[in-house]
Amino acid sequence: MIRKKAYENRKVVMIGIIILTGMVFTIRLFYIQLINDKYLLSAANNVLRYMTQYPARGMVFDRNRKLMVYNETAYDLMVTPRLVHKIDTLEFCHLIGITRDEFKKKMIRARNYSSYRASVFEEQISKENYGYIEEKLFKFPGFYVQQRTLRKYPSPIAGHILGYIGEVSPPEIEANPYYKQGDYIGKSGLEKSYEEVIRGKKGLKIKMVDVFNREKGNYMEGKYDTVAIPGNDLYITIDAELQAYGELLMQNKRGSIVAIEPSTGEILAMISSPTYDPNLLIGRVRSKNYNMLSTDTLKPLFNRALLAQYPPGSTFKLVDALVGLQEEVLTPETRYSCGGVGATPIKCSHNHYSPLSLVEAIEQSCNPYFWNVFRTIIDNRKYRSTTESYINWRELVMSFNLGKTFNTDMPVEKSGNVPDPAYYDKYFGKNSWRSMTIRSLSIGQGELLVTPLQLANVTAIIANRGFYYVPHLVRAIGIEGRIEVKNWERKNTRVSSKFFYPVIDGMSRVFDAGHGTARYYRNDSIQMCGKTGTVQNPHGKDHSIFLAFAPKDNPKIAISVIVENAGFGSTYAAPIATLMINKYILREFEKPWFEEKILNTNLISPN
Amino acid sequence: MKSRTNIGKNIDWWLVTIYLAMVLIGWISIYAAVYDEDHKSILDLSQNYGKQLVWIITSFVLAMMILLTDTKFFSAFAFPIYILMLFMLVAVLIFGKEIGGSRSWFPIGQFSLQPSEFAKFATNLAVAKYLSSLNMDLKKLKSVLRSALILVIPSLLIFLQNDTGSALVYSSFIFVLYREGLPGEVLIIIFVSIVLFILALLVKPVWVIAGLVLLTVVLVYLSRRNIRNMAILVLILIISSAYVEGVSYGFRHLLEPHQQSRINVLLGKDTNLQGAGYNVHQSLIAIGSGGFTGKGFLNGTQTKFNFVPAQSTDFIFCTVGEEWGFIGSIAVISLFVALLIRLIILSERQRSQFSRIYGYGVVSILFFHFMVNIAMTLGLFPVIGIPLPFLSYGGSSLWAFTILLFIFIKLDSYRLNVL
């Protein structure tokens, strides 16, 4: 009893220690559970896996609802480097079909991106390999397969129009937070200009995984998951059959064809040659083929229809005539002689009687005639100076959308050139240039530059007698089952409709009259109108150009053809344009004598 | 005989209620920790929670049997029970089965029994028996050494089973000895030497000694009028400096590299998250992500998807922390604090010295488990594998803790009959 009393107060020490311990634990719990949120994040990192759901990109149909681009499922092998651990590298390399060095390189690449986040290890495994790899994948922690879609092209045409897709680049990721490493994005063509329409919207699935990275169901029963929304389909203006035929005709030639439906501005065909099979730029072969195509000296990736700029040559005489008529310095009855003082600076290259009327001059493409037209426009007394009259001329020319871009639905396009008066001021000195100084413009040479698309549009304007719709590639967008038609702007030139009739008469004589420059290619069933051009090329043989539309009344197609280094416009460009018109209007037609000649012509590597 | 007819009489229902609450929380937490979609029933005997139910029911039977036993039995058979347990501890070293690196299990059918768990209450009985003997005085070295011997034998045998955690439990009897008259200075010296030991390994010995010198200078200045005290302080400084230097030297030159690294992990110097640090890291994530109210029952992602190792046994507190949050954690800690304080109060009201010492033994053992286990899961203490009493999964530990507690409840209920 005494002893007990002696030490009883020691219980206070004991109780004190117990309460102190309880308090230390409480403070510690307060800190880690209520103050520090690091653990909350770590728990989420441990258990949550964010899986992107990639939507199918929109499909592309031609004007006849013929499928041009669709999707095929592909499988990307993904890797999360941190989770890769104790795998049989040799077996793995064998399974995927890569060497050990490649394996090391790919792992370093993935680790440089992130150790914790998944990135693409091997792009687009084929369907056959996928089944095989998937079965064995459980042996290789850290790897999984992500489903993707690949673009497929039923026929190997229209590569330049459709464009291609590829993995986003770091600047693209920086510019738009929608994209994450490994996403695909349109890199050229419609894939690029309609990227936001056809890409759809990515979805997100949040999965829970256990300590062995095995899936354990959806996070919060999928409350925060979003579904991938498929991309919208594009209905484009291209006629796949015409496009294919045009590509065939342009085989082994350098140049371009652009065909437009004048009444709508819809581009029926747009060929740039040499071209490439769009199937080359998909999947695992893309980067290899891309390197091959981009280093090819013939520049197959270069879209000449939109980016190449040529002097328009004699085809520009049509614009000369229209501007002259509008300015009332020219009437259909005006005649100019091929010889004498008036023809001194620019001589006639043909043999014909003289003087010619306007329609005859167009038919025979008489150079002195149009020099005289140009001279009368620039030297018009109405204007106080050459500069003033030139500015007026330039505005009229530019109302044909020359020297400027269309700002239409193509990702790239060149503006061509109609020289600014300041250019001549700088070159010749202010007020020290006259119509004589800039006479090359009258026959479409000199500083004038046009693109094949602009030329086709000029043809469409003539076919329409004075107006055009902005040329475009997409007619409608399929949004959730319904088709939304896009409206395009109608624009008028500054030349009155009535002045187009004599020019059109001249153009029809190009086919129909005895001296017409394309008289060999006339077709009895279609009344065609055209104009040849031969562009002087200081670097080699002349470029062959031809503009045409048909039928003369109520035109269905307006076309421009440029064949580089082919000589006279009448030799190659005219027959190609004629064949295209026949194909589009008649579909099936009796093959004229010159089709085989064109198909067999090789201007790139002639034997 | 009176007590036999009415075993409920004089029983401390506080203790029984806290005990039942803890066992229930444990069972639910084990269910949450092991839960998977394929075995939804909490009664599924193929799963740990189903098995735990069996252990709980059998524990109740054991508790009943203890309450029905005559009080004198425990005091009379204290040493025989202790000796029997020592035999078991030796036997398990020879015939036992090794699980998780420790040879401490007797396989019985599909279950296993762990004698080291039962050695705790047996040792407690022996200590109570010895310390309550008449010629006992803990101021005498002989008495201290004899009591120490009773503790060291089972501790050593368990250490040989490679179960360091359970072996360390016996050090908690220092509190019992303290309560029974062990000079307070001994407690302080032991405490100081443990602190210095850890410091010597954690930081450079030079800094520890520098700190000690500084402390001595301050103390010498304060006691500058007393020459004798000053001399003692300087002597203490010399001894402790030598001790620190010795520990450090021994660590660097006498231990093998793998032993050094094991100690470094214990001291938290080795923070390799893939290695030994992994458990604590995942445990902290589980508890820390619980927040104020927790993620809700069966919604703990850390525990449910097995990120925390040993989550139904040593790390059971993680499940509580993750699913029931700060509220739940505080509740469990409060239950333990309440249980321990209640046990101290009850021990102090015992007339029989045996009962009181036994009661303090229960407090010491439970407190040691509580402190070390929770401190370990909260990252305050090295990972030492010992269970959280009444909550952790395991038949042997639940049985043993139930026996440990209910012997005291029985002794307490009989306190008025002791003259």
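Residues numbered from 1 in each chain as written. Chains lettered and ligands numbered in written order. Predicted model: local features only at pLDDT ≥ 70, side-chain atom pairs only at ≥ 80, totals over all residues. Heavy atoms only, no water.

J.: I'm lost on the packing of aromatic side chains in this one. Help?
T.: What characterises a pair of aromatic rings is the spacing of the ring centres plus the angle enclosed by the ring planes. As enumerated under the stated definition, the model contains 43 aromatic pairs over all chains in all. Between tyrosine 390 of chain A and tryptophan 393 of chain A the ring centres are 5.3 Å apart and the planes differ by 35°, which places this aromatic pair in the tilted class. Highlighted residues: tyrosine 390 of chain A and tryptophan 393 of chain A, both in helix 17 (residues 386–398), separated by 3 residues, approximately one helical turn. A residue is classified by how much of its surface remains accessible, and tyrosine 390 of chain A, at 0% relative accessible area, is buried. For tryptophan 393 of chain A, a relative accessible area of 0% corresponds to the buried category. Aromatic pair tyrosine 31 of chain B and tyrosine 49 of chain B: ring centres 4.7 Å apart, planes at 85°, arrangement edge-to-face. Residue tyrosine 31 of chain B is found in helix 2 (residues 13–34), and its partner tyrosine 49 of chain B is found in helix 3 (residues 48–68); the two are separated by 18 residues along the sequence. We note that tyrosine 31 of chain B, like tyrosine 49 of chain B, is buried. Ring pairs connect the aromatic residues Phe316, Phe374, Tyr390, Trp393, Tyr423, Tyr424, Tyr427, Phe428 and Trp433 of chain A, which therefore count as one cluster. The ring centre of phenylalanine 121 of chain A lies 5.8 Å from the NZ or CZ of lysine 106 of chain A, which sits over that ring. (Phe/Tyr/Trp six-rings, centres within 6.5 Å; stacked < 30°, edge-to-face > 60°. Helix = DSSP H or I, 4+ residues; strand = E, 2+ residues; numbered from the N terminus. Buried < 20%, exposed > 50% of the residue type's maximum accessible area, 1.4 Å probe, protein only. Lys NZ or Arg CZ within 6 Å of the ring centre and 35° of its normal.)

J.: Sorry if this is basic, but what is going on with unusual backbone geometry here?
T.: Residues and elements named next belong to chain A. The amide bond that connects serine 273 to the next residue, proline 274, takes the cis arrangement and shows omega of 0°. Here proline 274 is to be found in the loop between strand 12 (266–273) and helix 12 (286–295). For the peptide bond that leads from alanine 550 to proline 551, omega is -15°, which places it in the cis range. Position of proline 551 relative to the elements: it lies in the loop between strand 18 (543–550) and strand 19 (557–563). Backbone geometry places arginine 65, a non-glycine residue, at a positive phi of 60°. Looking at the secondary structure, you find arginine 65 in the loop between strand 2 (60–61) and strand 3 (67–79). Residue glutamate 328 is not a glycine yet carries a positive backbone phi of 60°. On the secondary structure map, glutamate 328 appears in the loop between helix 14 (317–326) and helix 15 (358–364).

J.: Would you mind showing me how to read empty space enclosed by the protein here?
T.: One way to see where empty space is left: roll a probe the size of a water molecule over the atoms. Residues and elements named next belong to chain A. Summed over the entire model, instances satisfying the criterion amount to 5 cavities of 30 Å³ or more. Estimates place the volume of the largest cavity at around 190 Å³. Taken together, 13 residues make up the lining of the largest cavity; nearest its centre are Tyr54, Pro55, Arg57, Tyr184 and Arg199. Split by residue class, the lining of the largest cavity holds 6 nonpolar, 1 polar and 6 charged. (1 Å grid on protein atoms, 1.4 Å probe; cavity = no way out; pocket = protein on both sides within 12 Å on 5 of 7 lines; lining within 4 Å. Points joined across faces, edges and corners; volume = space filled by probe spheres on them. Nonpolar A, V, L, I, M, F, W, Y, C, P; charged D, E, K, R; others polar.)

J.: Help me understand the pairing of strand 4 (residues 119–125) of chain A in this model?
T.: Consecutive residues of a regular strand have side chains that alternate between opposite faces of the sheet. Residues and elements named next belong to chain A. For strand 4, the tally of buried residues reaches 6 of 7 residues, placing the bulk of the element in the interior. Strand direction decides the pairing type here: strand 3 and strand 4, joined by 4 bridges, are antiparallel. What sits directly across from tyrosine 75, in strand 4, is isoleucine 125. (Pairing = 2+ DSSP bridges.)

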